[in-house]
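Per-entry structural report
This is what each chain is made of:
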Protein chains: 2
Amino acid sequence: MASPDAVFKALADPTRREILRLLRSGPKSSGDIAERFPSAWATISRHLAVLRDAELVTTERNGSSILYEIDTTVFQETVEHLLTWFQPTSRGSNAKRRS
Amino acid sequence: MASPDAVFKALADPTRREILRLLRSGPKSSGDIAERFPSAWATISRHLAVLRDAELVTTERNGSSILYEIDTTVFQETVEHLLTWFQPTSRGSNAKRRS
DNA sequence: TAGTTAATTAGCTTATTAGCTAATTAGACA
DNA sequence: TGTCTAATTAGCTAATAAGCTAATTAACTA
């Protein structure tokens, strides 16, 4: 399981968020992704490795290329993680009440 | 409005996430927060500044001290931001269909 | 097997950030 | 005003990460 650290760090970079955005329309190869960004292919490749370490994407070989696919599992866990911060513990006397 | 960049970067540090966790039980002063962490007060102070820049906390002076309070607004926006990544755009021919 | 294409890794530079101690600011209040 | 206390900012070091080009790996195909 990916650590929250890895996930938030991965999401902290705008290029990586753009890559994820791009992958919403379906799996793409490293080269396909790279050519839509001004950065060098090697740079994109490293971004992809970061996303994979964070388990935000999965890979699968398809003939001569490798397809990157968005994995929503970790997104869901992250959202749940964030949701736990929403409501105060409500044990403290200065916790605000819902109206 | 805080940028997603600032928000995710702020959340990427475990100490800052711990601080937010602590603030769930109610507003606390910089000193109160600092004494629960092994890091120096100045270090915690900088973490608090990062959280404030990301608009994850708000501050309010209370007598001789400054109270930090968690602000759930940006959390909500962030969750919504993440939710938009959940479902594929479903416009692409290789987007998976829901079963 | 040799060559070609796809992709990653190596090795470097530059920029950012976490941590520290010391110095400084900002209020509160006698 | 002068002095205490709370908190931040300054200035430093070490670690991390993004960017590049060049070198290397991995797999397909003639």
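Everything below is about the structure printed above this text.
These remarks concern the structure in this document. Only a predicted model underlies this, so the values are computations on that prediction, with no experimental measurement involved. Counting of residues starts from 1 at the beginning of each chain's written sequence and follows it residue by residue. Following the order in which they are written, the chains are lettered starting with A and the ligands numbered starting with 1. Only residues with pLDDT of at least 70 are given local features in this predicted model, and only at 80 or more are side-chain atom pairs given and counted; all residues enter the totals for whole chains, interfaces and linings.

Considerations on the protein's contact with DNA strand C
Taken together, 24 residues lie around DNA strand C, and Ser-29, Gly-31, Ala-42 and Ser-65 of chain A together with Thr-43 of chain B are the ones closest in. Of all the elements in the fold, those that place two or more residues in the surface near DNA strand C are helix H3 (30-34), helix H4 (41-53) and strand S3 (65-70) of chain A together with helix H4 (41-53) of chain B. Helix and strand assignments follow DSSP, with helices taken as H or I runs no shorter than four residues and strands as E runs no shorter than two, numbered in order from the N terminus. Residue contributions to the surface near DNA strand C peak at six residues, all from H4 of chain A. In this analysis a residue is considered near a molecule or strand if the C-beta atom, reconstructed from its backbone, is found within 6 Å of that molecule or strand.

Quick look at the sheet that holds strand S3 (residues 65-70) of chain B
All names here are of chain B. A pair of strands is considered paired only if DSSP assigns at least 2 bridges between the two. Reading across the sheet, the three strands line up as S1-S3-S2 and stay open at both edges, with antiparallel pairing between neighbours. Either end of the sheet is taken by a strand with one partner, and the two such strands are strand S1 (28-29) and strand S2 (57-62). Note: S2 against S3, six bridges, orientation antiparallel. Looking across to S3, one finds that Thr-58 is bridged to Glu-69.

Some details on the protein's contact with DNA strand D
As a structural note, the neighbourhood of DNA strand D is formed by 24 residues, with Thr-43 of chain A together with Ser-29, Gly-31, Ala-42 and Ser-65 of chain B the closest of them. For the surface near DNA strand D, the secondary-structure elements that each account for two or more residues are H4 of chain A together with helix H3 (30-34), H4 and S3 of chain B. With six residues, H4 of chain B is the largest single contributor of residues to the surface near DNA strand D. Asp, Glu, Lys and Arg are counted as charged, while Ala, Val, Leu, Ile, Met, Phe, Trp, Tyr, Cys and Pro are counted as nonpolar; the rest, among them Gly, fall into the polar class. Of the residues assigned to the surface near DNA strand D, the class counts are eight nonpolar, 12 polar and four charged.

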